[in-house]
Amino acid sequence: MSKRILLTEAGSYSVELDTILTESAMVNGADKIFSCPCYPLDTLTGNNRIYPSSEMVPAAKTLTEAAKSGQTSFPCTADGHPPEEFPEPIRASHKVLESWAQGGHLWIKFKVLDTASGRDLLSLIQEGDKLGISIRGLGALNGNCVTDYTLLGADFVAIPSTG
């Protein structure tokens, strides 16, 4: 078995803001829960990796079950990849609540947090800015195919590595 490593440049994907779906009622005048596609599946990406559905669907299900049970939280950032598996809580802008595969993409539902970074992210979403999004997780590489994957989150980034 290959050694599992933190894949921090894995899966950046440009999100057109019209694909971010509002999922919540207004909270203090602002929506806080959204969903969007965050990564293409079963295709060679710009970072020369393939994230097969056979790996990503179970990883998404595991994340969703852990998040819904309260077993763990999946904090994420809006300022690029954190250097660790999970960002420091003070840097968190949002947390992933759910993940699934649909239409050839991995999707996430996320809640924007009431932190300085979260307020900045919410402002970018409200302004309709184009954002990059990048999945973060632990996995191994078998050639260019990702295996043994654990999804840890999806961070917003300025420049997607896979286009």
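Before reading further, recall that the structure is shown in the block above.
Reading the values: rules and limits
Residues numbered from 1 in each chain as written. Predicted model: local features only at pLDDT ≥ 70, side-chain atom pairs only at ≥ 80, totals over all residues. Heavy atoms only, no water. Salt bridge = Lys/Arg side-chain N within 4 Å of Asp/Glu carboxyl O. Helix = DSSP H or I, 4+ residues; strand = E, 2+ residues; numbered from the N terminus. Buried < 20%, exposed > 50% of the residue type's maximum accessible area, 1.4 Å probe, protein only. Pairing = 2+ DSSP bridges. Disulfide = S-S within 2.5 Å. Phe/Tyr/Trp six-rings, centres within 6.5 Å; stacked < 30°, edge-to-face > 60°. Core = buried A, V, L, I, M, F, W, Y, C linked by side-chain atoms within 4.5 Å. Contact = heavy atoms within 4.5 Å.

Moving on to the pattern of salt bridges. Side chains carrying opposite charge are able to pair once their charged atoms draw close together. Tallied over the entire structure, the rule returns 4 salt bridges. With a closest N to O distance of 4.0 Å, E65 and K61 form a salt bridge. With E65 and K61 both in helix α1 (residues 53-69), this residue pair falls 4 residues apart, about one helical turn. A salt bridge links K109 to E98, with the nearest nitrogen and oxygen atoms 3.6 Å apart. Taken together, the positions of K109 in strand β9 (residues 105-112) and E98 in strand β8 (residues 94-102) put the pair 11 residues apart, joining distant regions of the chain. On the accessibility criterion, K109 (21% relative accessible area) is partly exposed.

Here we take up the pairing of strand β10 (residues 131-142). With respect to burial, β10 is a largely interior element, 10 of its 12 residues being buried. With 10 bridges joining them, β10 and strand β11 (residues 145-157) adopt antiparallel strand pairing. Bridge pairing links A140 to T147 in β11.

In this structure the tally under the stated criterion is 0 disulfides. Summary of cysteine pairing: C36 is not part of a disulfide, and the nearest cysteine sulfur, belonging to C38, is at 6.3 Å. Left unpaired, C76 is separated from the closest cysteine sulfur, that of C38, by 9.5 Å.

Summed over the entire model, instances satisfying the criterion amount to 6 aromatic pairs. Seen in terms of ring centroids, Y39 and Y51 are 4.7 Å apart; in terms of plane orientation they differ by 75°. Their pairing is edge-to-face. With Y39 in strand β6 (residues 33-40) and Y51 in the loop between β6 and α1, this residue pair connects regions lying 12 residues apart in the sequence. Assigned by exposure class, Y39 and Y51 land together as buried. Centroid distance F110 to F156: 5.4 Å. Interplanar angle 65°. Geometry classified as edge-to-face.

Inside soluble globular proteins, nonpolar side chains tend to come together where they are buried. In terms of nonpolar packing, the biggest core is built from 29 residues, with L106, I108, F110, I135 and Y149 touching the most fellow members. I108 has contacts with F34, S35, C36, C38, V96, E98, S99, W100, I133 and A154, leaving out every residue within four places of it along the chain.

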